[in-house]
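Fold and geometry: a report
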Amino acid sequence: MESRPEITPETLTKWQYLVDQISEIADVPATLIMHTSDQHNNVCVKSTGNENPYIEGQSFLLHDKLYCFDVLENDAELCVEDAAHDPHWHDNPDMEYGMSFYVGLPLKWPDGSVFGTICMLDRFRNKRALSFRNGLRQFSRIVEDDLAMLEEIEQRRKAEACLQQELDSREEIIKKRTQDLEDANTALRVLLKGVENSKSEVEDRIVQQIRGLVLPHIGRLHQLIEDDDRAIVHLDIVETNLKNITSTFTCNLAQALVELTPTEAEIVQLIAQGRSTKEIAKTLSRGTSTVEFHRNNIRQKLGLTHRGKNLRQHLAALS
């Protein structure tokens, strides 16, 4: 069974004002808003005044001799002008309080299910109350509007609670994923540190091997080929590059050489040593025009499209 919202104190205060107004306008001693629950009709709100014999919270078992039972059973207004002279109603429970006059209407939740009744009672046939039956209908609609508002507020409250629960759940997921990412980043930093250390160890070994096993022989080769200028130039390049390797493994010039052809890379290294076009042409056994052609290609690949930029200075900056 669907749970219903609680009737708020503010709503009960409003209903108290309504039943008091009805009793005053219709001139009846008792106006009641009854709430039906578990086969019982309970006094929810009663009009004030010493002549009202009913007690707030008083409960009546629903059966066919009860005025409100007929209202609920037929889902319609019940009007009993004088129960004392009515064979069906002369022995109903409200006659114990002398209430032989009754006008009642059903009250419903927005979905059509029963909330209870609203009714006027008196000890005699009340013409003024009879003429106020349409007014009672208007008051019953006010009560039903309040029930609809309470239902809407409750639905919104539940929706907000579900939304908050969903937000809390998502925040928990985000928190967990954030922690997972932090853990992964920590592990990655440790891994990268290990890779960096391994890289440094490898570089150190290479540097040591070049310095210990290769460079010592360069000087000896210089002595052996001191009369061969072209061989000396190439040997100088080898020696320079080996020294560069031993000083850094992230040389920008080395990275730039990757984009060049073997011939262009060779010319670049000669330019970096300060060799002129003629000297390069002689070293490589090429014509000066060929060397100039390669120089232009090199400038384009290195992004030196402006003629004012010096190629040698640019190569020196990369070294």
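A brief structural summary. (Residues numbered from 1 in each chain as written. Predicted model: local features only at pLDDT ≥ 70, side-chain atom pairs only at ≥ 80, totals over all residues. Heavy atoms only, no water.)

Quick notes on the environment of L78
Mapped onto the fold, L78 is located in strand β4 (residues 78–80). With relative accessibility at 9%, the residue L78 sits in the buried group. Spatially, the C-alpha atoms of L78 and V103 are 5.7 Å apart, while their sequence positions differ by 25 residues. Residues contacting L78, with those up to four places away along its chain left out, are Y67, D70, V71, W89, Y102, V103 and G104. (Helix = DSSP H or I, 4+ residues; strand = E, 2+ residues; numbered from the N terminus. Buried < 20%, exposed > 50% of the residue type's maximum accessible area, 1.4 Å probe, protein only. Contact = heavy atoms within 4.5 Å.)

Points about a negative patch on the surface
Judged by side-chain charge, E226, D227, D228 and D229 come together as a negatively charged surface patch. Classification of E226 by relative accessible area gives exposed; the value is 54%. (Patch = residues over 30% accessible without salt bridge, like charges linked within 9 Å, V, L, I, M, F, W, Y side chains within 5 Å. Areas by Shrake-Rupley, 256 points an atom, 1.4 Å probe, with all protein chains shown as cover. Salt bridge = Lys/Arg side-chain N within 4 Å of Asp/Glu carboxyl O. Lys, Arg positive; Asp, Glu negative; His and termini not counted. Charge placed at Lys NZ, Arg CZ, Asp CG, Glu CD.)

Description of the state of the cysteines
For the structure shown, the criterion picks out 0 disulfides. C79 forms no disulfide, and the closest cysteine sulfur to it belongs to C119, at a distance of 12 Å. Considering cysteine sulfurs only, C68 is the nearest to C119, which forms no disulfide, with 4.6 Å between them. Overall, the relative accessible area of 1% leaves C119 in the buried class. (Disulfide = S-S within 2.5 Å.)

Quick word on the sheet that holds strand β6 (residues 114–122)
Ordered in space as β3-β2-β1-β6-β5-β4, the 6 strands form an open sheet in which the pairing is antiparallel. Unpaired on one side and paired on the other, β3 (59–61) and β4 mark the two borders of the sheet. Shown here is a sheet whose adjacent strand axes are inclined to one another by a mean of 25°, direction ignored. Where β4 meets strand β5 (residues 101–108), 3 bridges bridge the pair, whose relative direction is antiparallel. Across the sheet, C79 pairs through a bridge with V103, a residue of β5. Strands in contact with helix α1 (residues 9–26) are β1 (30–37), β2 (40–46) and β6; relative to β2, the strand with the most contacts, it is inclined by about 85°. (Pairing = 2+ DSSP bridges. Axes fitted to C-alpha atoms, helices over the stretch in contact; angles between N-to-C directions.)

A look at the pairing of β6
Of all 9 residues in β6, 8 are buried, a share of seventy percent or more. With 6 bridges joining them, β1 and β6 adopt antiparallel strand pairing. Counted as the bridge partner of M34 is T117 from β6. By the bridge criterion, 8 bridges tie β5 to β6 in an arrangement that is antiparallel. Within the sheet, the bridge partner assigned to L105 lies in β6 and is I118. In this antiparallel pair of consecutive strands, β5 and β6, the connection spans 5 residues, and G112 shows a positive phi of 95°.

A look at unusual backbone geometry
Positive phi, normally seen in glycine, also occurs at D75, with a value near 50°. With respect to the helices, strands and loops of the structure, D75 is situated in the loop between α2 (67–74) and β4. Despite not being glycine, S285 has its phi angle at roughly 55°, a positive value. With respect to the helices and strands, S285 occurs in the loop between α8 (277–284) and α9 (288–301).

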